[in-house]
Every structure is written in structure tokens, then in C-alpha cells.
Amino acid sequence: MIELKNVSKVYDNGSIALDHVSLHIGKGEFVFVVGASGAGKSTLIKLLSYEELPSRGSVFVNGIEVNKLAKNRVPYLRRKMGIVFQDFRLLPNKTAQENVAFAMEVIEAPRRLIRRRVRDVLDLVGLVGKADALPKNLSGGEQQRVAIARAIVNRPLLLIADEPTGNLDPETSRDIMEVFKKINHMGTTVLMVTHDKTLVDMMNKRVIEIDGGKVVRDEQKGGYDD
Ligand code: ADP
Ligand code: ADP
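Residues numbered from 1 in each chain as written. Chains lettered and ligands numbered in written order. Predicted model: local features only at pLDDT ≥ 70, side-chain atom pairs only at ≥ 80, totals over all residues. Heavy atoms only, no water.

Novice: Can you help me understand the overall build of the protein chain in this one?
Specialist: Regarding its fold elements, the protein chain presents 7 helices and 10 strands. In terms of overall dimensions, the protein chain is globule-like: its C-alpha atoms have a radius of gyration of 17 Å, near the 17 Å expected for 226 residues. If you line up the protein chain on its principal axes, its C-alpha atoms span 45 × 40 × 30 Å. Looking at the protein chain as a whole, 51% of its 226 residues qualify as buried. Taking the contacts inside the protein chain whose residues are at least 6 apart along the sequence as the reference set, 69% of them involve residues at least 24 apart. When the accessible area of the protein chain is evaluated, it comes to approximately 11200 Å², of which 47% is carbon and sulfur surface. Separation between the mean location of the 34 positive side-chain charges and that of the 29 negative ones in the protein chain comes to 8 Å. (Helix = DSSP H or I, 4+ residues; strand = E, 2+ residues; numbered from the N terminus. Rg over C-alpha atoms; globule rule 2.2 N^0.38 Å. Buried < 20%, exposed > 50% of the residue type's maximum accessible area, 1.4 Å probe, protein only. Contact = heavy atoms within 4.5 Å. Areas by Shrake-Rupley, 256 points an atom, 1.4 Å probe, with all protein chains shown as cover. Lys, Arg positive; Asp, Glu negative; His and termini not counted. Charge placed at Lys NZ, Arg CZ, Asp CG, Glu CD.)

Listed below in C-alpha cells is the structure:
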């Protein structure tokens, strides 16, 4: 699913964000990426989503080497992954179901399929009664459920989450983690950057720790701290 071979990322200003990183993440895995601020976590996500290119080494996502990808193929490939952010990033003037439907409208899916998928996915994340609500009338946890629904409605193989519980209280965070768990059990690979020690310790999943651009720990059933 994801493979990094000897990947380094040096930004134009000389910052070394990733330093000879190699790692492999298989289909269906649930992986936490942890590390201090500035460690290189966001850069790792940006390499996977084609927002940045590696300076050295190779990045493979779903068998495709991103370094060798033609620019006009990037949008097509991005649809194979869903991304969820800390600040939800919903469209404020669209309802919950319109936010989710929009992700399918941009790829020109048929109307009937959109209707069915949106309903199914809102059900999956536990939001059926709120389909017509605008984001401003939803709680943080509900907004994140909408964002997750939008990220998975096109059935990506990979779901990336960048601090998805960073703006949520502990109880809501646990509920949101249950949603990710359910999606993972359906076969989607989940890669989650987080600072939430309680959640990482509770889940007992694979933990990759990055420090100074290097992978300093990779445990199959790890906690937040080693
Ligand atoms: P994290 O997500 O773990 O906080 P980042 O990947 O954002 O870490 O950053 C890793 C390093 O790369 C930091 O030293 C940061 O200052 C630097 N960096 C990140 N993005 C850029 C950029 N666009 N230009 C220059 N330096 C950057
Ligand atoms: P479900 O599991 O929700 O019933 P399926 O994936 O089985 O949905 O698809 C149902 C129908 O929709 C099939 O005829 C399938 O070919 C079609 N379909 C699935 N995905 C797409 C898509 N992205 N665009 C257009 N049609 C699709």
C-alpha cells in the first residue's frame, strides 16, 4: 500500500524534514505516526498525497511511484485516498450531506449512486439525523464525522488523518476513533498522525515514531511512548 525507500526531503530553505526514511505499510493496516512538532510528520503526509515530492529516494502508494507520476495523473490518484484534518475543512454553506455528496460530484459519479452512497456513509459514521444540518450547527465531533464520511465516500484504499482529534474533547475523541476502527475493519488502510497519548495507548496498534526526520521507532503493537 505504502512504501518509502530511502526517502529524504530537503526544502528549498535547506530544512531537512525527512532523512533517509524507509518504511512499508501493508493493505489494511492501522498505523499511528507520532513525534514532536517539527519531526517531519506533515512532510510524510505531503509526500503520500503528492503535495510535495521527495528530494531523494522513492515513494510508492498503491504500487505507483509518485516521483515518476505525470502531473496530470495526480488528481486521479488523489481520489484513491481520503484525507481528514484537525480543523475539519468542511464547506460552510453546504449541509452535511451536501459536503459528502460534493466529493462524488467532482468525479462525476451518477446522481443515483451519489444518493445511495451518501446515505450509507452518513449511516456508517453515525450521522443520519443530521444530514441536512450546516456545519455551524454541528458539534466538533459531528463535523469530524462529516469530514470522515466525505473522505471515504469514494471508497479510498487509504485514509490519512492529520491530528483528527486535535480539536475534540477526550470522550468525543474516543467516539471518533471508533469510527476509524470500523472503517479500518472494512479493509481501508488508516494512517493517523496524532499527539493523543491516551488514544494511541488504548488502541495498541502499530506506532511509527519520527524524530528529526528519522524513524526512531516502529512497533507492531506500540504505545505513545516507548
Ligand atoms: P511535523 O509535522 O512533525 O511538525 P513538518 O513535516 O511540518 O513536521 O516539518 C519538518 C521540518 O521541515 C521542520 O523543521 C519544518 O520547519 C520544516 N518544513 C516543513 N515545511 C516546510 C516548508 N514548506 N519549507 C521549509 N521548511 C519546511
Ligand atoms: P454498494 O456496495 O453500495 O451497493 P457497489 O460498489 O456494489 O455499491 O456499486 C453498485 C453499482 O454502482 C454497480 O453497478 C457499480 O458498477 C456502480 N458503481 C460503483 N462505483 C461507481 C463509481 N465510482 N462510479 C460509477 N458507478 C459506480
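Right, picking up where we left off after that structure.
Novice: Just to check I follow, could you spell out the packing of aromatic side chains for this structure?
Specialist: Geometrically, a pair of aromatic rings is defined through the distance of the ring centres and the angle of the planes. This model, assessed by the stated rule, comprises 1 aromatic pair. Over the ring of F85 we find R89; its NZ or CZ atom is 3.8 Å from the centre of that ring. (Phe/Tyr/Trp six-rings, centres within 6.5 Å; stacked < 30°, edge-to-face > 60°. Lys NZ or Arg CZ within 6 Å of the ring centre and 35° of its normal.)

Novice: Whenever I open this one, empty space enclosed by the protein confuses me. Can you help?
Specialist: Gaps left between atoms show up when a probe the size of a water molecule is rolled over them. Throughout the structure, instances matching the rule amount to 1 cavity of 30 Å³ or more. Approximately 30 Å³ is the volume attributed to the largest cavity. Taken together, M1, V61, N62, K80, M81, L157 and L158 make up the full set of residues lining the largest cavity. (1 Å grid on protein atoms, 1.4 Å probe; cavity = no way out; pocket = protein on both sides within 12 Å on 5 of 7 lines; lining within 4 Å. Points joined across faces, edges and corners; volume = space filled by probe spheres on them.)

Novice: What exactly am I supposed to notice about a nonpolar patch on the surface here?
Specialist: A contiguous nonpolar surface patch, about 290 Å² in accessible area, is contributed by L91, F102, V106 and I107. Tracing the backbone through its elements, the reader meets L91 in the loop between strand 6 (81-85) and helix 3 (96-105). According to the relative accessible area criterion, L91 is partly exposed, its value standing at 31%. (Patch = residues over 30% accessible without salt bridge, like charges linked within 9 Å, V, L, I, M, F, W, Y side chains within 5 Å. Salt bridge = Lys/Arg side-chain N within 4 Å of Asp/Glu carboxyl O.)

Novice: How do you make sense of the layout of surface pockets when you look at a structure like this?
Specialist: Taken as a whole, the largest pocket encloses approximately 570 Å³ of empty space. If you go around the largest pocket, you meet 19 residues; those closest to its centre are R78, M81, G82, I83 and A103. The set of elements that each furnish at least two residues to the lining of the largest pocket consists of helix 2 (74-78), strand 6, helix 3 and helix 5 (140-152). Tallying contributions element by element places strand 6 first for the lining of the largest pocket, with 4 residues. Tallied by class, residues from the lining of the largest pocket come to 11 nonpolar, 4 polar and 4 charged. Of the volumes computed, that of the second largest pocket is approximately 250 Å³. Lining of the second largest pocket is provided by R117, D120, V121, L124, I152, V153, R155, P156, I183, M186 and T188. With 4 residues, the top contributor of residues to the lining of the second largest pocket is helix 4 (residues 111-124). A per-class count over the lining of the second largest pocket returns 7 nonpolar, 1 polar and 3 charged. (Nonpolar A, V, L, I, M, F, W, Y, C, P; charged D, E, K, R; others polar.)

Novice: Just to check I follow, could you spell out the site of ligand 1 for this structure?
Specialist: In the vicinity of ligand 1, the residues found are Y11, N13, S15, A17, A36, S37, G38, A39, G40, K41, S42 and T43. Here an oxygen atom of ligand 1 and a side-chain polar atom of K41 are 2.8 Å apart. A distance of 2.6 Å separates an oxygen atom of ligand 1 from a polar side-chain atom of S42. Look at ligand 1: alone it shows 560 Å² of surface, and the protein chains cover 64% of it. (Near = heavy atom within 4 Å. Polar contact = N/O pair within 3.5 Å; in protein donor to acceptor, adjacent residues only side chain to side chain.)

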